[in-house]
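Per-entry structural report
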Amino acid sequence: KHKMTTESTIRVPTTCKTPHSGFTLPNGVKVIVITNPETTKSTAAMSINCGTHHDPVELPGLAHLTEHMLFLGTEKHPDEGQYSKFLAQNGGDSNAWTEDSRTMYYYKCANDAFLEALDMMLHFFVCPLFTASSLEREVQAVHSEDEKNHSNDYWCAAELLKLTVGNKEHPLSRYGNGNAKTLWD
């Protein structure tokens, strides 16, 4: 049985006219539903309270690598490209990003494919495969992202901020993106 929250606990921008409702699942997951019958696509997003600040000191980039690996098959949907292919066939796509304290996952697709896509995404967190055959490739993908970020002003500024943290024990002072050296070597 769902424990319903009241709409007043959901902060909605005053410019937003679509109905919002929410509930909490028995496992504590909070859900917000926004309904707009005029859209042709549906979307879901999930915020996981685990990011680079949760990486073990000896394994910087683990949260980011995990983000990548979750897209590569589950026990229920084992084919590596199955999720992406399903979304593409239904006019959608997906992505994710890892921050200091959380990782965000989202997808969009045709309305009639929404529930099947939701089932596929939720199984990332129930029974991911983490196959050895994809691990080295995804470490290289994380490494390539890191290399690309070296010339991006946003990422350079973020790394400079890390250097200025006074408490070197604080996770903000640590490198978090990951690369081949931190994740493989």
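Residues numbered from 1 in each chain as written. Predicted model: local features only at pLDDT ≥ 70, side-chain atom pairs only at ≥ 80, totals over all residues. Heavy atoms only, no water.

1. What about helix 1 (residues 62-70)?
- Burial within helix 1 is extensive, with 7 of its 9 residues counted as buried.
- Within helix 1 the residues assigned to the buried category are Ala-63, His-64, Leu-65, Glu-67, His-68, Met-69 and Leu-70. (Buried < 20%, exposed > 50% of the residue type's maximum accessible area, 1.4 Å probe, protein only. Helix = DSSP H or I, 4+ residues; strand = E, 2+ residues; numbered from the N terminus.)

2. Observations regarding the side chain of Thr-74
- Positionally, Thr-74 belongs in the loop between helix 1 and helix 2 (82-89).
- Taking the relative accessible area as the measure of exposure, Thr-74 reaches 1% and is therefore buried.
- Within the structure, Thr-74 has its side chain in polar contact with the backbone nitrogen of His-77 (distance 2.9 Å).
- Residues within four places of Thr-74 in sequence aside, it is in contact with His-123, Phe-124, Cys-127, Pro-128 and Leu-129. (Polar contact = N/O pair within 3.5 Å; in protein donor to acceptor, adjacent residues only side chain to side chain. Contact = heavy atoms within 4.5 Å.)

3. Section: the pairing of strand 6 (residues 103-110)
- Within strand 6, 6 of the 8 residues are buried, which leaves it mostly tucked inside the rest of the structure.
- The pairing of strand 4 (residues 41-48) with strand 6 spans 8 bridges and is classified as antiparallel. When the sheet's bridge partners are listed, Ser-47 is paired in strand 6 with Met-104.
- Both strand 5 (residues 93-98) and strand 6 contribute to a ladder of 6 bridges, which runs antiparallel. Residue pairing across strands places Trp-97 opposite Met-104, the latter belonging to strand 6.
- Taking the residues between adjacent antiparallel strands as the criterion, strand 5 and strand 6 are bridged by 4 residues. (Pairing = 2+ DSSP bridges.)

4. Quick notes on the sheet that holds strand 4
- Pairing is antiparallel in the open sheet, where 3 strands are placed in the order 4-6-5. At either end of the open sheet lies a strand with only one pairing partner, and these are strand 4 and strand 5. The sheet shows a mean angle of 10° between the axes of neighbouring strands, taken without regard to direction.
- Taken strand by strand, helix 2 contacts strand 5 and strand 6, and its axis lies near 40° from that of strand 6. (Axes fitted to C-alpha atoms, helices over the stretch in contact; angles between N-to-C directions.)

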